Amino acid sequence: GRRGRRTVRGGRLRRLGIGVTHHTGTFERVDGSGLSEDGATSCYLVLDQRLANRAGGGRAQEADEPGPGLDGFVQVGTTSGRLSPADLHVGTGLVASGYVPGREADHIGLMATWVRFGDAARAEGSIVDAYELALELFYQLRLTPWLSLQPDLQYIVHPGGTGQSDALVGTLRLEL
């Protein structure tokens, strides 16, 4: 190996994002009161981490080297429940590449996202569920370096929080 570098199972933190946004517009409150408020603020946290490297071609991978492996992420966001029906979002997931023999450039992912609907939106009546939960599974086939095909399957519990039945959604994405 190279001097001063170490080979590890996991890797370096890929991204850590912490932020606050503020929109200076005027927004109608979601409680049905007809009142509005100036400005909307939200906060977020994003964390992407390499959890494990998968050696390719019989050699060990360096911790900060891109390539086959397992990545995980966590996202958390919050905003005012007076101005947005959803006041809290939490998402997490895993994406793996290089684990399918002969398809080292493909990616497979499993994700979950949970949204809480605030009291003000539920009090107004159009939102009846306390939360929405979406579970997603995808497989991205890397056909060429510039072309991929990605089937995606999602199961959504309480879609939109409006009392509708749970939903199963399938999509197919072609990416150039």
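Up top you'll find the structure we're talking about.
Definitions and limits used
- Residues numbered from 1 in each chain as written.
- Predicted model: local features only at pLDDT ≥ 70, side-chain atom pairs only at ≥ 80, totals over all residues.
- Heavy atoms only, no water.
- Helix = DSSP H or I, 4+ residues; strand = E, 2+ residues; numbered from the N terminus.
- Buried < 20%, exposed > 50% of the residue type's maximum accessible area, 1.4 Å probe, protein only.
- Contact = heavy atoms within 4.5 Å.
- Areas by Shrake-Rupley, 256 points an atom, 1.4 Å probe, with all protein chains shown as cover.
- Salt bridge = Lys/Arg side-chain N within 4 Å of Asp/Glu carboxyl O.
- Pairing = 2+ DSSP bridges.
- Axes fitted to C-alpha atoms, helices over the stretch in contact; angles between N-to-C directions.
- Polar contact = N/O pair within 3.5 Å; in protein donor to acceptor, adjacent residues only side chain to side chain.

Caption draft 1: Structural detail: the overall build of the chain. Of regular secondary structure, the chain possesses 1 helix and 8 strands. The order of α-helices and β-strands along the chain, N terminus first, is β-β-β-β-β-α-β-β-β. The buried share among the 176 residues of the chain stands at 32%. By sequence separation, contacts in the chain at least 24 residues apart represent 50% of the contacts at least 6 residues apart. Only carbon and sulfur atoms are counted for the fraction: they give 58% of the accessible area of the chain, which is about 10,800 Å².

Caption draft 2: Molecular detail of the pattern of salt bridges. Overall, the coordinates contain 9 salt bridges when judged by the stated rule. The partner of arginine 15 in a salt bridge is aspartate 48, and the shortest N-O contact between them spans 2.9 Å. On the criterion of sequence distance, the pair formed by arginine 15 in strand 1 (residues 13-28) and aspartate 48 in strand 2 (residues 36-53) is long-range, its members being 33 residues apart. Under the relative-accessibility criterion, arginine 15 is labelled partly exposed at 44%. One salt-bridge network, held together by shared partners, links Arg29, Asp31, Glu37 and Arg82.

Caption draft 3: Here's a closer look at the environment of serine 84. Of note, serine 84 is situated in the loop between strand 3 (69-79) and strand 4 (86-97). Taking the relative accessible area as the measure of exposure, serine 84 reaches 21% and is therefore partly exposed. In the structure, serine 84 is positioned 55 residues away from arginine 29 in sequence and 7.6 Å away in space, judged by C-alpha atoms. Ignoring sequence-local partners within four residues, the contact set of serine 84 consists of Val30 and Thr79.

Caption draft 4: How the structure looks around the pairing of strand 7 (residues 147-157). In the sheet, strand 6 (residues 131-144) pairs with strand 7 via 9 bridges, with the strands oriented antiparallel. Following the sheet pairing, threonine 144 is matched in strand 7 by leucine 147. Where strand 6 hands over to strand 7, the hairpin turn is made up of 2 residues, counted between the paired strands. Here 9 bridges tie strand 7 to strand 8 (residues 167-175), and the two strands are oriented antiparallel to one another. Counterpart to isoleucine 156 in the pairing with strand 8 is alanine 167.

Caption draft 5: Structural detail: the sheet that holds strand 4. In spatial order, the strands read 1-2-3-4-5-6-7-8; together these 8 strands make up an open sheet with antiparallel pairing. A strand with exactly one partner marks an edge of an open sheet, and here the two such strands are strand 1 and strand 8. Each strand of the sheet is rotated relative to its neighbour by a mean of 15°, with strand direction disregarded. As paired strands, strand 2 and strand 3 are joined by 11 bridges and run antiparallel to one another. Directly across from leucine 45, in strand 3, lies its bridge partner valine 76.

Caption draft 6: Layout of the pairing of strand 2. Pairing geometry for strand 1 and strand 2, over 13 bridges, is antiparallel. Directly across from leucine 13, in strand 2, lies its bridge partner glutamine 49.

Caption draft 7: Seen up close, the side chain of aspartate 106. Structurally, aspartate 106 is set in the loop between strand 4 and strand 5 (107-117). Residue aspartate 106 is classed as buried on the basis of its relative accessible area of 3%. There is a polar contact of 2.7 Å between the side chain of aspartate 106 and the side chain of arginine 103. Within the local environment of aspartate 106, its side chain forms a polar contact with the side chain of tyrosine 139, the two groups lying 2.7 Å apart. Sequence-distant contacts of aspartate 106, defined by excluding residues within four places in its chain, comprise Ala96, Ser97, Gly98, Tyr139, Gln140, Leu141 and Arg142.

Worth remembering: the numbers are spatial, not functional.
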